[in-house]
Amino acid sequence: ISRLDSVVLDPKVVSLLHRMNRKEVEELEKDSRFHEITEDGRRFVRILAQSGKQKYDVVYLNQPEPLSTLLNRFYTVEFFRDVSRILAPGGVMSLRMASTVNYTSGELGRAAKTMVATVRAVFPWIVICPESPHLVFASGSRDSISSDPSVLAARYRQFKLKPAIMALMFR
């Protein structure tokens, strides 16, 4: 990792996270690669996409479900297009999607179907990890994400990953 940007809208949330995770935050703050940015995430991505200056290998959308206008704007074709513009070639976007442990139906199923269709309108390659919530990985490159166990195992060994993050397998 050469740079890690964490974009948070509310400075009070940042302050709370600092108090709750004091030791981890102190370690991060010592690392010059970590940048904490207090900014509206949607605006941050749009400005970067328009400038074309900075590219990321991974964009992780750590937002709740799109249950309000404020949150819904992170789950639109326009937003995903902006994310695709700030991804480096082969880059991956990841997000969480509400799910149930066994079977998704009704309103939750329709919401999941809509979210996947919206992501797929921008990213042709999608892998969904059946966790609860589901983890969705999307890319413009077929080689960047995989659900093939042999590919994932090889990447696990190549990057010397710990089992807790095995789901995050990239090229």
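Residues numbered from 1 in each chain as written. Predicted model: local features only at pLDDT ≥ 70, side-chain atom pairs only at ≥ 80, totals over all residues. Heavy atoms only, no water.

## Regarding the packing of aromatic side chains
This structure, assessed with the given rule, holds 2 aromatic pairs. Between Phe74 and Phe79, the ring centres sit 5.4 Å apart and the planes meet at 80 degrees, which makes this aromatic pair edge-to-face. For the pair Phe74 and Phe79, one class covers both residues: buried. Consider the rings of Phe79 and Phe80, whose centres lie 6.0 Å apart with planes at 55 degrees: the pair is tilted. Of the residues examined, Phe80 reaches a relative accessible area of 0% and is grouped as buried. Among the aromatic residues, those joined into a ring-pair cluster are Phe74, Phe79 and Phe80. (Phe/Tyr/Trp six-rings, centres within 6.5 Å; stacked < 30°, edge-to-face > 60°. Buried < 20%, exposed > 50% of the residue type's maximum accessible area, 1.4 Å probe, protein only.)

## Some details on the sheet that holds strand β5 (residues 125-129)
Spatial ordering of the open sheet is given by β3-β4-β6-β5, a layout of 4 strands whose pairing is mixed. Because the sheet does not close on itself, it has two edges, and the strands there are β3 (56-61) and β5. Each neighbouring strand pair of the sheet contributes to a mean axis angle of 15 degrees, computed without reference to strand direction. Pairing geometry for β3 and strand β4 (residues 87-97), over 5 bridges, is parallel. Counted as the bridge partner of Tyr60 is Ser94 from β4. Packing of helix α5 (residues 77-86) onto the sheet brings it into contact with β3 and β4, and relative to β4 it is tilted by some 140 degrees. (Pairing = 2+ DSSP bridges. Helix = DSSP H or I, 4+ residues; strand = E, 2+ residues; numbered from the N terminus. Axes fitted to C-alpha atoms, helices over the stretch in contact; angles between N-to-C directions. Contact = heavy atoms within 4.5 Å.)

## Looking at a nonpolar patch on the surface
A cluster of nonpolar side chains, Ile1, Leu4 and Leu28, forms an exposed patch at the surface whose accessible area comes to about 300 Å². Among the structural elements, Ile1 can be located in the segment before β1 (4-8). (Patch = residues over 30% accessible without salt bridge, like charges linked within 9 Å, V, L, I, M, F, W, Y side chains within 5 Å. Areas by Shrake-Rupley, 256 points an atom, 1.4 Å probe, with all protein chains shown as cover. Salt bridge = Lys/Arg side-chain N within 4 Å of Asp/Glu carboxyl O.)

## Section: the confidence of the model for the protein chain
On average, the protein chain scores 85 in pLDDT, and the residues at 70 or more come to 90%. The weakest mean pLDDT in the protein chain belongs to helix α1 (residues 11-20) at 74; the strongest belongs to α5 at 98. Across residues 165-171 the pLDDT falls below 50, and counting only partners more than four positions away or on other chains, this stretch makes 26 contacts in the model. (pLDDT = per-residue confidence, 0-100.)

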